[in-house]
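# Understanding the architecture of this molecule
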Amino acid sequence: MKRDRSMKSKLTAALAAVALTIAVVSVSFAGPYMIHVAILTVFAIVLGLSHRLLMLAGQASFAHAAFYGIGAYVFALSTTSAGLFSWLALIAAAVACVAMAAIVGPPALRTRGPYFLVVSFGFVVVVGSVLHSWKSVTNGSSGIIGIPKLAGIPDLGTYYWASIVLLAIALVAFLALDRARWGLQLRALGQTPKLAEATGINPGFNMVLAFVVGAGVAGLMGGFYASYIGFVAPSAFTLWVSVFILSYSVIGGANHFLGPVIGAMYITLTPVLFNWSERFTPLLITASFAIIVFVAPKGILSVVKRIPRRFKETPAPELAGPSTDNGVTPLDFTGKRAPARLEVRGLCHNFGGVKTAQNIAFQAEPGEVLGVIGPNGAGKTTLFNLLSGFLKPKGGQILIDGERLDNLSPAAIVNKGLIRTFQSTVVFEDMTVFENILIGVWASRPASLYETMVTPRSWASEDVAKANEIIERFDLGAVAKLSAGSLPYGTKKLVGLAVGVAGDPRVLCLDEPMAGMTGAEVEHMVKILQRMKATRSITILIVEHRMPAVMGLCDRIVTLNFGQIIATGTPAEIQSNSLVREIYLG
Amino acid sequence: MFIVQVVFNGITAGATIALMSIGLTLIFSILGIVNFVHGIMFALGALVAHFATQSVGLDYLSAVVAAALLVGLFGLLLERFGFRRFENLVLEGAVFAIALALFLEAAMWAILGGSPRSVETPFSGVFRLGDLIINKHRLFVVVVAFTLIGALSFFIRYSRYGRAIRAVQQDPYAARLQGIEPHTISMLVFAAGAALAGIAGALIVPMQLALPDMGTAPLLLAFVAIILGGVGSVGGALAAAMVLGMLQSVITTFWSPQITLGIVFAATILILLVLPEGLFGRKS
């Protein structure tokens, strides 16, 4: 699989290099207008790439043109009014945008989806309005003229070669981000935010980081732009510029590294290549833009990449067959952390007047398998949401080996060793099974910022080895390369369990691991859980409705009704408890 | 008296924003579409009013009705052949709407050119009450807008289709199980939202020349209104629209109309930083 991948990516890289070289050399002979177009295309590509980072994390921003503009103005002002050396001014432009984004980002990214869209869109309008109105500094709508060129880049020809270097650096840098841990983590956040959080990825921090990095690059490009054109005015950094930057990723496909490259080239080059007259360019470009989005909502590349797959034969994933062993071989992993004791004291929670947890108290000993049962609406899922930090308790404590977990964020709780699975959003659908498991593995091994953002994730051989070990133990080898979303439901749930286990949990909370499974799949799942139990190396909590499975698996069972514990005991005790029989077992 | 004047202008501005934002918020709550085409519908309403009075020879009131019908039909067709595909693809739907809006605006410039078009109102002149001067047409705009908003609220609250709309807002799947066809409802909502935007354009055009980009500012303000009002809430959108209209009137009177958008958005950002779900939004 690895060889397959690297061959493919090498081929892609080689082809891209050849195409680029031809394009680069031929443009340098094509006359000043074409060179100008090529330089602007480079600007567009780099802006698109930097904007895509936050898109990966699932947030679309309209603020990019504002940072582009701030960078341009900082460069213009510091070279003209302040007389700063041009390359220092370029750095100042980037730094100013990083600082601005670091101030605006954390509060702005508390909002999500359409709210963030409007906040970011408001940011462009506000920045535009400041550029217009702060006449003493920005010179209003007439803008600033006479901006010097960057030292050493005096004319169009040298600017062209400089922009080619810039493009090469940007491609390498953004490809590195994509190939590092961070690229996959951002995609995880964008696809299934809850699950990403449950694997220890902090959404707020990562989104702000993506926003700040994108803003810094946009500021740098603003500086380049100002020095290249020699003139800045508010009209160059309007909302519509942001719209086009956003459109690069959408047209090309934000999920693919080359998406914004293709999108930017499409938008900037098509009118020139087809020699559309000035009058019809806006009409044709917007019409084709709308048609592309309509036909391929996930971008051109999402369609192109699907084509070869049709001709490839996919092995039918055959899982959940009878395992060779008889369900007693312990299912263990190398380098496990010790199981922890989970203690819950007086836990309270309510949704308005509905009391979903009333003074809940229980404990699970290290290595114990504890069942949580109760009728629908008893508060089982609320309990799991409280344990994993997705809901904040209104009272009470949650302790793991004596350490408080309540009031920690979901990601911090994962780092302490309590990991949960979900009943319905089980896997990252648009990733391969291997990538799913790898994200799970990272939950137990936090990395430095440098490693997260720069080191290619395939270089972390221990992580890869551990992911492969998990895949082997769970018999997922046949499907490791397939996208998790294409798997049958029961297999998805198995992958979801494997993602949780990959994070080396000390306490593992399984939310209905067998819901919706077929009989054979349930048998397979029960067998796997039996084998995990046999090692006594993870404390396991299970919410489940399949009573035979629960009774067979659990050491003890907690029964909930209307947010209260009505009975705790061994399966035999629970089965003979008259209250439980009346309310739930029937 | 001067204050009353400012307040009245604010109510007029707010009524226009409300007509836009109520349609926007309903469309978003049903289909998950951030409808950037709404500004174009506003401009189309104004243009229909212009051509209906100048070329066809209808009177102004019939022209307003024509704007509602034609733009409403346009909205219905857009839902059926465009936006339906983007159900719950919030980002892709928004981008498609932007692309469509840019295309339609470019098309209007190409076909109509930049020459501004005007419409005469039968309600010219003013009422004088002492020092207070009330423009008759503004009064007409306010009366029509509030009548429509009242009727729509009544419709949504009490009619069979209104209940169906609220059902689909909450849970399209469950609504379908009750025999409601969500796509019929979303076409209806798109048509109604478009018709309201068209009427808003037709109502405004006697006070402002019709140009293809005339809908941009009302669109942006309407977005702010639905965000502040809490997405999906008609009452919230109305309340926020009135606040914005008042703000706009005050800034225009005492400062300059150019910076209205900047100040409104700055205020919105500050509010959202404190209340990420808007002024009247519920925590999800």
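Remember, it's a predicted structure, so these values are computed and weren't measured experimentally.

## Observations concerning the overall build of chain A
Across its full length, chain A carries 25 helices and 12 strands. Taken over the C-alpha atoms alone, chain A extends approximately 90 × 55 × 40 Å along its principal axes. Within chain A, buried positions represent 56% of all 586 residues. With an accessible surface of roughly 24300 Å², chain A has 63% of that area assigned to carbon and sulfur atoms. Looking at chain A, you have 47 positive and 33 negative side-chain charges, and the mean spots of the two groups are 7 Å apart.

## Comments concerning the interface of chain B and chain A
Each partner contributes residues to the interface: chain B has 40 residues there, and chain A has 38 residues. Around 3300 Å² of area is buried between chain B and chain A when both sides are counted, 82% of it from carbon and sulfur atoms. At the boundary of chain B and chain A, one finds 1 salt bridge. The residue lysine 298 of chain A makes a salt bridge to glutamate 92 of chain B at a minimum N-O spacing of 3.2 Å. Our enumeration of links across chain B and chain A arrives at 3 residue pairs in polar contact (both at pLDDT 80 or more). Contributing elements (two or more residues each) for the side of chain B that touches chain A: helix H4 (90–112), helix H9 (216–229) and helix H11 (260–274) of chain B. Counting residues per element, the side of chain B that touches chain A draws most heavily on H4 of chain B, which supplies 14 residues. Partitioning the side of chain B that touches chain A into residue classes produces 32 nonpolar, 5 polar and 3 charged.

## Focus: the sheet that holds strand S10 (residues 539–543) of chain A
All names here are of chain A. In space, the 6 strands of this open sheet follow the order S8-S9-S10-S5-S11-S12, with mixed pairing throughout. Strand pairing shows two members of the sheet lacking a second neighbour, strand S8 (418–420) and strand S12 (564–569), which therefore form its edges. Averaged over all pairs of adjacent strands, the angle between their axes in this sheet comes to 20°, without regard to strand direction. The pairing of S8 with strand S9 (residues 507–511) spans 3 bridges and is classified as parallel.

## What to know about the confidence of the model for chain B
Residues and elements named next belong to chain B. For chain B, the mean per-residue pLDDT works out to 86, and 97% of the residues sit at or above 70. Helix H3 (residues 60–81) holds the highest mean pLDDT among the elements of chain B, 93, whereas H11 holds the lowest, 79. We note a pTM of 0.86 for the whole complex and an ipTM of 0.83 for its interfaces.

## Describing the sheet that holds strand S7 (residues 403–404) of chain A
Residue and element names in this part refer to chain A. Strand order in the open sheet formed by 4 strands is S4-S3-S6-S7, and the pairing between neighbours is antiparallel. Pairing within the sheet leaves two strands with one partner each, and these edge strands are strand S4 (354–364) and S7. Across 2 bridges, strand S6 (residues 395–400) lies against S7 in antiparallel orientation. Bridge pairing in S7 places isoleucine 400 opposite glutamate 403. Contacts from helix H16 (residues 380–387) reach strand S3 (342–351), S4 and S6, with the element oriented near 115° to S3.

## Quick look at the nonpolar core
One finds Ile437, Phe474 and Met532 of chain A together with Phe36 of chain B to be the most contacted residues of the largest nonpolar core, which totals 260 residues. Leaving out residues up to four positions away in the same chain, methionine 532 of chain A has contacts with Leu331, Phe474, Leu497, Val501, Leu508, Ile538 and Ile540 of chain A.

## Looking at empty space enclosed by the protein
Under the criterion given, the structure shown has 10 cavities of 30 Å³ or more. Taken together, 15 residues make up the lining of the largest cavity; nearest its centre are Trp240 of chain A together with Phe36, Ala101, Thr216 and Leu219 of chain B. Those elements that place two or more of their residues in the lining of the largest cavity are helix H11 (239–252) of chain A together with helix H2 (38–56), H4 and H9 of chain B. Grouping the constituent residues of the lining of the largest cavity by class yields 10 nonpolar, 3 polar and 2 charged.

## Some remarks on the confidence of the model for chain A
In the predicted model, chain A carries a mean pLDDT of 85, and the fraction of residues at 70 or more is 94%. Here residues 320–324 of chain A is modelled with pLDDT under 50, and outside its nearest four sequence neighbours on either side it reaches 7 contacts, counting other chains as well.

## A look at the side chain of threonine 25 of chain B
All names here are of chain B. Relative to the assigned elements, threonine 25 resides in helix H1 (residues 2–31). Given the relative accessible area of 0%, threonine 25 is considered buried. Filtering out sequence-adjacent residues up to four positions away, threonine 25 remains in contact with Ile226, Gly230, Val231, Gly232, Ser233 and Ala237.

## A look at the pattern of salt bridges
Residue and element names in this part refer to chain A. According to the stated counting rule, one finds 21 salt bridges over all chains in the structure shown. Here arginine 506 makes a salt bridge to aspartate 401, at a shortest N to O gap of 2.7 Å. With arginine 506 in the loop between helix H21 (489–502) and S9 and aspartate 401 in the loop between S6 and S7, this pair connects stretches of sequence that are 105 residues apart. On the accessibility criterion, aspartate 401 (42% relative accessible area) is partly exposed. Among the salt bridges present, the one from aspartate 555 reaches lysine 533, with a minimum N-O distance of 3.5 Å. Of the two residues, aspartate 555 is situated in the loop between helix H23 (547–553) and strand S11 (556–561) and lysine 533 in helix H22 (residues 519–535); the sequence distance between them amounts to 22 residues. Beyond isolated ion pairs, a larger network of salt bridges with shared partners links Arg181, Arg445, Glu451 and Asp463.

## Quick look at the state of the cysteines
All names here are of chain A. The final tally for this structure, using the stated rule, is 0 disulfides over all chains. Unpaired in this structure, cysteine 554 has its nearest cysteine sulfur neighbour in cysteine 509, at a distance of 13 Å. For cysteine 554, a relative accessible area of 5% corresponds to the buried category.

## Some details on the environment of tyrosine 173 of chain B
Note on placement: tyrosine 173 of chain B falls in helix H7 (residues 172–177). The sequence separation of tyrosine 173 of chain B and isoleucine 227 of chain B amounts to 54 residues, and the corresponding C-alpha distance is 25 Å.

## Concerning the packing of aromatic side chains
Tallied over the full model, the rule gives 25 aromatic pairs over all chains. On the numbers, 4.3 Å between centres and 25° between planes, the contact of phenylalanine 123 of chain B with phenylalanine 140 of chain B is stacked. Of this pair, phenylalanine 123 of chain B sits in the loop between H4 and strand S1 (126–129) while phenylalanine 140 of chain B is found in helix H5 (residues 136–158), placing the two residues 17 residues apart along the sequence. A relative accessible area of 15% means that phenylalanine 140 of chain B is categorised as buried. Ring pairing ties together the aromatic residues Phe62 and Phe121 of chain A together with Phe36, Phe223 and Phe265 of chain B, which thus form one cluster. Just above the ring of phenylalanine 422 of chain A sits the side chain of arginine 420 of chain A; from NZ or CZ to the centre is 4.2 Å.

## Describing a positive patch on the surface
All names here are of chain B. A cluster of basic residues, Arg157, Arg160, Arg163 and Arg166, forms a positive patch on the protein surface. Ranked by the residues each element gives to the positive patch, the list is headed by helix H6 (residues 160–170), at 3 residues. Along the polypeptide, arginine 163 turns up in helix H6. Owing to a relative accessible area of 46%, arginine 163 belongs among the partly exposed residues under this scheme.

Quick notes on the rules
- For every chain, the first residue of the written sequence is number 1, and numbering continues from 1 along that sequence.
- To label them, take the chains in the order written and letter them from A, then take the ligands in the order written and number them from 1.
- Per-residue local features of the predicted model are confined to residues with pLDDT of at least 70, and side-chain atom pairs are confined, for both listing and counting, to 80 or more; whole-chain, interface and lining totals are unaffected and use all residues.
- Only hydrogens and water are set aside; all other atoms, that is, all heavy atoms of the structure, feed into the side-chain values.
- For helices the rule is a DSSP run of H or I covering at least 4 residues; for strands it is a run of E covering at least 2, with both sets numbered from the N terminus onward.
- Using a 1.4 Å probe on the protein chains alone, a residue whose accessible area is under 20% of its type maximum counts as buried, one over 50% counts as exposed, and one in between counts as partly exposed.
- Accessibility throughout is a Shrake-Rupley quantity obtained with a 1.4 Å probe, and a residue counts as covered only by protein chains that appear here.
- Only four residue types enter the tally: Lys and Arg on the positive side, Asp and Glu on the negative side; His and the chain ends are excluded.
- Lys charges are placed at NZ, Arg charges at CZ, Asp charges at CG and Glu charges at CD.
- For this analysis, residues touch if any pair of their heavy atoms sits within 4.5 Å.
- The term buried area means the drop in 1.4 Å probe accessible area that two parts suffer when joined, counted for both and summed.
- Salt bridges, as used here, are contacts in which a Lys or Arg side-chain nitrogen is within 4 Å of a carboxyl oxygen on Asp or Glu.
- Polar contacts, as used here, are pairs of N or O atoms within 3.5 Å; protein pairs need one atom able to donate a hydrogen and one able to accept it. Residues neighboring in sequence count only if both atoms are side-chain atoms.
- The nonpolar class holds Ala, Val, Leu, Ile, Met, Phe, Trp, Tyr, Cys and Pro. Asp, Glu, Lys and Arg form the charged class, and all remaining residues, Gly among them, are polar.
- The pairing criterion for strands is at least two bridges between them, as found by DSSP.
- Axis definition: a line fitted to C-alpha atoms, limited for helices to the stretch in contact. Angles are taken between N-to-C directions and run from 0 to 180 degrees.
- One confidence number per residue, pLDDT, is output by the predictor and ranges from 0 to 100.
- The criterion is simple. A nonpolar core is a set of buried Ala, Val, Leu, Ile, Met, Phe, Trp, Tyr and Cys residues joined through side-chain atoms within 4.5 Å.
- Lining residues are those with an atom within 4 Å of a point, where the points come from a 1 Å grid over the protein atoms alone and group into cavities, where a 1.4 Å probe fits but cannot get out, or pockets, open sets with protein on both sides within 12 Å along at least five of seven lines.
- Grid points are joined across faces, edges and corners, and a volume is the space filled by probe spheres set on the points.
- Here, two cysteine sulfur atoms that lie within 2.5 Å of each other are counted as a disulfide.
- Think of it this way: a Phe, Tyr or Trp ring, Trp meaning its six-membered ring, pairs with another when their centres are within 6.5 Å, and the plane angle makes it stacked under 30 degrees, edge-to-face over 60, tilted otherwise.
- Counted as over-ring charges are cases with an Arg CZ or a Lys NZ within 6 Å of the ring centre that also lie within 35 degrees of the ring normal.
- Only residues whose relative accessible area exceeds 30% and that take part in no salt bridge are eligible for patches, with like-charged residues grouped when within 9 Å of each other and nonpolar side chains (Val, Leu, Ile, Met, Phe, Trp, Tyr) grouped when within 5 Å.

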